[in-house]
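Working through the structure, step by step
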Amino acid sequence: MICPPTVPTWRRPSPNRGNVHRDLFDFPCFERRLCRARFMEGQNQGPPDAAAVENGTKPDGEERPPGFQETTITEGAARIVFPSANEVFYNPVQEFNRDLTCAVITEFARIQLAAKGIQIKVPGEKDVQKVIVDLSEPKEDKAELKEGANLALEDQPRTAAVGEICEEGLRVLEGLAASGLRSIRFAREVPGLRSVVANDASARAVDLMCRNVQLNEVAHLVQPSQADARMLMYQHQKASERFDVIDLDPYGSPASFLDAAVQAVSEGGLLCVTCTDMAVLAGNSGETCYSKYGAMALKSRACHEMALRTVLHSLDLRANCYQRFVVPLLSVSADFYVRVFVRVFTGQAKVKASASKQALVFQCVGCGAFHLQRLGKASAASGGRLKFSAACGPPVAPECEHCGQRHQLGGPMWAEPLHDLEFVGRVLEAVSANPGRFHTAERIRGVLSVIMEELPDVPLYYTLDQLSSTIHCNTPSLLQLRSALLHAGFRVSLSHACKNAVKTDAPSSALWDIMRCWEKECPVKRERLSESSPAFRILSVEPRLQANFTIRDDANPSSRQRGLKRFQANPEANWGPRPRARPGGKAAGESVEERRRLLQNKRKELVEDPAERAAWLKTFPCKRFKEGTCQQGDQCRYSHSAPSPKATAEATPTDCPEAPSQNPAEPAAATGPGIE
């Protein structure tokens, strides 16, 4: 098997070590060159046998350890193998993430290469340039026609196809590549690439990457690399060595990679970042969010959009340290993660405006009303210049004007638009015109369509259930509330981050007036409300705005009328974040599923029949018998037979009244139903 040279443990960069030996800065470049040279030498050998790969046998006749198993996955145009044990991370639920990334990078390459006179050719797209020959031309004009055709061919733009090296194309880095699936998909699906560096700190992952690169015959484009992603990006700070596209999809938070990433991306380059630590970004741990992203997250119904804006704030803040700034192209909240695509530019004058792009959030703990306070102020000055100054605030009183409760302070967060609607429109048009390119094309169309309908200049949103539950009334339909806002002269839209979202430029006072009018049609029993509750205080005020709930034609958005797949159902059982990859595959998928099945409903009566329940309890070993203290003998409801190691690791007595608490001196004691 062809793979990078083995590196002594003391020479490998540690991801948690701050001081790394100077020689390590030279090693990854040498390693990539050597690995690529070995790949190029092995190209004539042909790809490994597909049957051997599926059976888990190693190419080139190298034997694998007994019991070693592998799984073959086909996604997009790529086909990869990875160990069945959880040694290298892979999550099939994120196929939407990878499809969307391929679509975005394709359009980015189209824009970048068009400026150089290069046209990309995407499989499945119709060729817009067609040559029409008129066969009725006179004979004397054939010579002139031939000469004109030759000139026309010379004037035609150069083309870049999928799987070919484009010398003026994009240089792509995937900092945390794992099995290399994403990088291989780039090489096989995105045209206009010069090279793709697939990096991972795990030697096992790089070994697997090399096999997958050969299996897909993309060694001429994909260069596996084993290095700390931060060290690798810090080595490419020079303008001539920067990457045009950097993709970061770590397990958890990308915070530790952002500083290196904003320095290693080229001028106007594309930075793609995924965050899966949604518990932190959604406000469950505000102090942890501040330590990672420099902002306090709040528990809010708009937490998913606030997470996107927190990540953009963190990216812009880190870029500002190097006189750079970010411009968001697309920001998506999907499933259990958020994904942002930004371009990075350099400019001292533009960086000065960054403070006015950030805002603090004042959120009422009672009714959920929120107000934004910009950190800076940009005003027009003489000569067409901009004058920057500190903003004035706060925008709220110590107590909420609607319910009298206090405010929580969150942020700073990005307060400018989340998307470049022109760019999003290009991606949407390309995906719609070529629906067979991606497996999740239907969902991409739905999500991008909702994004195109969002109000770009309105941060955050309310939700239908939040507004109704605050005053304890029935929930109006989405069309009724949207129609009332439109009748009142306000703008309103949906949000791709939440299916019940109401994004509007109406002030909170107008929104509560509409809800007061709705409560008059569906009255609430006031005698059951506490006088200090937000519902009582809000409903005790007469509305100044008379709402009209007559359904308007423009209240139903286009994406909803067409029935697009905007919010998909759970794609598979037990879907969501996967366990972290571990050396040796200690958390194999089968054992995890078996443990989940065993612990399901562990505190409930699974069997009503006494005989069946007695037989079921006999499948669990008696803990007291294991300790040699059980005096029940054959009358014990649990098994006294010696359990197998697998059963000992997965099951223990559930509700044995005789079993004592676990002895701390025996950490190897088994865990099972009812015992954590």
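In the annotation of an unreviewed UniProt entry, the protein chain is listed under the name tRNA (guanine(26)-N(2))-dimethyltransferase and assigned to Odocoileus virginianus. Per UniProt, the protein chain has the following entry under Catalytic activity (unreviewed entry): "guanosine(26) in tRNA + 2 S-adenosyl-L-methionine = N(2)-dimethylguanosine(26) in tRNA + 2 S-adenosyl-L-homocysteine + 2 H(+)". The record held by UniProt for the protein chain lists under Sequence similarities (unreviewed entry) the comment "Belongs to the class I-like SAM-binding methyltransferase superfamily. Trm1 family."

**Thoughts on the sheet that holds strand β6 (residues 193-200)**
In spatial order, the strands read β7-β6-β5-β8-β9-β11-β10; together these seven strands make up an open sheet with mixed pairing. The sheet is open, and its two borders are formed by β7 (222-226) and β10 (324-334), each paired with just one other strand. For this sheet the average axis-to-axis angle between neighbouring strands, irrespective of direction, equals 20°. The strands that helix α5 (residues 181-189) touches are β5 (165-174), β6, β7, β8 (243-248) and β11 (337-346); relative to β6, the one it contacts most, it runs at about 170°. Sitting on the sheet, helix α11 (residues 303-320) is in contact with β9 (265-275), β10 and β11, with an inclination near 160° to β10.

**Concerning the environment of Lys-299**
Tracing the backbone shows Lys-299 in the loop between α10 (286-293) and α11. Each C-alpha atom, one on Lys-299 and one on Gln-408, is 9.8 Å from the other, the two residues being 109 residues apart in sequence. Ignoring any residue separated from it by four or fewer positions in sequence, one finds Lys-299 in contact with Ala-282, Gly-283, Asn-284 and Gln-363.

**Quick word on the packing of aromatic side chains**
Enumeration over the complete set of coordinates arrives at five aromatic pairs. Taking 5.9 Å as the distance between ring centres and 25° as the angle between the ring planes, the aromatic pair formed by Phe-325 and Phe-345 counts as stacked. Note that Phe-325 is positioned in strand β10 and Phe-345 in strand β11, a separation of 20 residues in sequence. For Phe-345, a relative accessible area of 22% gives the class partly exposed. With a centroid separation of 4.7 Å and an interplanar angle of 25°, the aromatic rings of Phe-370 and Tyr-462 are classed as stacked. In this pair, Phe-370 is assigned in strand β13 (residues 370-374) and Tyr-462 in strand β17 (residues 462-463), connecting sequence segments 92 residues apart. Note on accessibility: Phe-370 and Tyr-462 belong to one class, buried.

Here is what the cut-offs are and how they apply
Residues numbered from 1 in each chain as written. Predicted model: local features only at pLDDT ≥ 70, side-chain atom pairs only at ≥ 80, totals over all residues. Heavy atoms only, no water. UniProt positions renumbered as here; feature names shortened; annotations may be inferred. Pairing = 2+ DSSP bridges. Helix = DSSP H or I, 4+ residues; strand = E, 2+ residues; numbered from the N terminus. Axes fitted to C-alpha atoms, helices over the stretch in contact; angles between N-to-C directions. Contact = heavy atoms within 4.5 Å. Phe/Tyr/Trp six-rings, centres within 6.5 Å; stacked < 30°, edge-to-face > 60°. Buried < 20%, exposed > 50% of the residue type's maximum accessible area, 1.4 Å probe, protein only.

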